[in-house]
Amino acid sequence: MPWHPIGPSSDFPEGVLKTAPAPGVRAGLIVVRDQGVPRAMRNECPHAGKPLDEGEVKNGCIKCPFHGYRFNLKNGLNVDDTDEMPAKVYPVREVGGQVEVEIP
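Counting starts from 1 at the beginning of each chain's written sequence and moves along it residue by residue. With the structure being a predicted model, the display of local features is reserved for residues of pLDDT at least 70 and the display and counting of side-chain atom pairs for 80 or more, all residues being used for whole-chain, interface and lining totals. No hydrogens and no water enter the side-chain calculation; it runs on all heavy atoms of the structure.

(A) Seen up close, the environment of D80. Its location among the elements puts D80 in the loop between β7 (70-72) and β8 (89-90). A simple rule labels every residue: compare its accessible area, found with a 1.4 Å probe on the protein chains alone, to the largest value its type can have, and call it buried under 20%, exposed over 50%, or partly exposed in between. For D80, a relative accessible area of 37% corresponds to the partly exposed category. Contacts are residue-level and defined by heavy atoms, with any inter-residue pair within 4.5 Å sufficient. Ignoring any residue separated from it by four or fewer positions in sequence, one finds D80 in contact with G68, Y69 and R70. Here a polar contact is taken to be a pair of N or O atoms separated by no more than 3.5 Å, where protein atoms must pair a possible hydrogen donor with a possible acceptor and residues adjacent in sequence count only if both atoms sit in side chains. Within the structure, D80 has its side chain in polar contact with the side chain of R70 (distance 2.7 Å). Here a strand is any run of E in DSSP of at least two residues, a helix any run of H or I of at least four, and the numbering for each starts at the N terminus.

(B) How the structure looks around the pattern of salt bridges. The salt bridge definition used is simple: a Lys or Arg side-chain nitrogen within 4 Å of an Asp or Glu carboxyl oxygen. For the structure shown, the criterion picks out four salt bridges. Salt-bridge contacts for E94 lead to R33; the nearest nitrogen and oxygen are separated by 3.0 Å. Remark: R33 occurs in strand β3 (residues 29-34) and E94 occurs in strand β9 (residues 92-95); sequence separation between them is 61 residues. With a relative accessible area of 11%, R33 lands in the buried category. Across the pair E100 and R93 runs a salt bridge whose closest N-O atoms are separated by 2.7 Å.

(C) Looking closely at the sheet that holds strand β6 (residues 61-63). In this scheme, strands are said to pair when DSSP sees at least two bridges between them. What the three strands build is an open sheet, ordered β5-β6-β7; its pairing is antiparallel. Each edge of the open sheet carries a strand with a single partner, namely β5 (56-58) and β7. Each neighbouring strand pair of the sheet contributes to a mean axis angle of 25 degrees, computed without reference to strand direction. As judged from the three bridges shared by β5 and β6, these two strands associate in the antiparallel manner. Its bridge partner being in β6, K58 is matched across the sheet by C61. Think of each axis as a best-fit line through the C-alpha atoms, taken over the contacting stretch in the case of a helix, with angles from 0 to 180 degrees between the N-to-C directions.

Spelled out as structure tokens, the structure:
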């Protein structure tokens, strides 16, 4: 699977939610550094398809600004309702000061 650069590491400070385009991902990505590790998730709540980019990041989760569901940044699981679909997460790495995301 190909890795795609989404920006320099310095563009992703701890706890700051950023958006990034990604090839083949219509909704784009939200990217946030959590406990020093960059995380990437589709910018779409799986509950109703609404964007997550205005959500609050706290305790390793992003809270949907529309429904209040919280999704774990590591695995996408809905921590409020485990029967709901998880959010789509993508592998992220840092190489040479650049953040890259793996998109199938």
